[in-house]
Amino acid sequence: MEPSSDQPVFGPELGEFTDREQRAAEANDGEGMKTGTTTVGLTTDEGVVLATDMRASMGHMVSSKDVQKVEQIHPTGALTIAGSVSAAQSLISTLRAETNLYEARRGKEMSMQALSTLTGNLLRSGAFFIVQPILGGVDEEGAHIYSIDALGGTTEEEYTVTGSGSQYALGVLEQEFESGLSIDGAKTVATKAIKSAVERDLASGNGINVAVVTDEGVEITRHKDIDGLL
């Protein structure tokens, strides 16, 4: 029996969703709540700093002014979200479950390299359209920031941005980031980057979430007054 002409010879792969094209189209149709978003991540010698704005949109309307866009998913790891809120919430729940299961089975915490690979594989499966996260964390090898695109492509960076305000935030990071930043210094740079995006990007605004990740854990704070952090 010959395979159907529209069926990939080597597919579907394990975990692949056969209707992922339809899911992608539905995610882009403007119906669901999305985080237009600016998110940034920076490495330091002591850990990583992640920061995001707090606005969510639905079409041309601001649907929420108080969105938590960075979440802890690992004892020393956190994830920012940009894209579909529903898909992002599902991705975060899945990653938390997988990291807990890994620790229970192996008696040790998942490395950031393994966690980035897992995140990329989940996005590649087509189950979480459309989400573009930043993963930041600390393990035995030090501090790590991973930029992960909506199709699962993963690169490790010293600093990175995602979301609709990326171009404004990236310009600030290019000027302000330098190796050897302290945690406080990185928080200031991240805040400047988010502020720049909020002032120019209509889909970003309403405050800032800041996550500081060290080998001692994850601390997430929320601030409506961005200037108060500078």
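Residues numbered from 1 in each chain as written. Predicted model: local features only at pLDDT ≥ 70, side-chain atom pairs only at ≥ 80, totals over all residues. Heavy atoms only, no water.

Enquirer: Got a minute to help me understand the UniProt feature "active site" (unreviewed entry) in the protein chain in this structure?
Expert: Mapped onto this numbering, the UniProt entry gives "active site" (unreviewed entry) at Thr37. Position of Thr37 relative to the elements: it lies in the loop between β1 (34-35) and β2 (38-43). For Thr37, the residues in contact, after removing those within four places along its chain, are Asp53, Lys69, Ile81, Ala82, Thr162, Gly163, Ser164, Gly165, Asp201, Ala203 and Ser204. Here the side chain of Thr37 touches Lys69 through a polar contact of 3.1 Å, side chain to side chain. (UniProt positions renumbered as here; feature names shortened; annotations may be inferred. Helix = DSSP H or I, 4+ residues; strand = E, 2+ residues; numbered from the N terminus. Contact = heavy atoms within 4.5 Å. Polar contact = N/O pair within 3.5 Å; in protein donor to acceptor, adjacent residues only side chain to side chain.)

Enquirer: Explanation requested: helix α3 (residues 112-124) in the structure shown.
Expert: Each α-helix winds once per 3.6 residues, and so residues spaced three or four apart point in a common direction. For α3, spanning 13 residues, the distance from its first C-alpha to its last is 18 Å, which sits close to the expected 18 Å at 1.5 Å a residue. Burial in α3 covers these residues: Met112, Leu115, Ser116, Leu118, Thr119, Gly120, Leu122 and Leu123. Summarising the contacts, the buried residues of α3 are in contact with β6 (70-74), β7 (77-80), α2 (85-106), β9 (134-139), β10 (142-148) and β11 (154-157). Backbone geometry just downstream of α3 places Gly126 in the positive-phi region, at approximately 90°. (Expected span 1.5 Å × (residues − 1). Buried < 20%, exposed > 50% of the residue type's maximum accessible area, 1.4 Å probe, protein only.)

Enquirer: What's the story with the pairing of β6 in this structure? I'm lost.
Expert: As a general feature of sheets, a regular strand has side chains that alternate between the two faces. Both β6 and β7 contribute to a ladder of 4 bridges, which runs antiparallel. Counterpart to His74 in the pairing with β7 is Gly77. The turn joining β6 and β7, which pair antiparallel and follow one another in sequence, is formed by 2 residues. (Pairing = 2+ DSSP bridges.)

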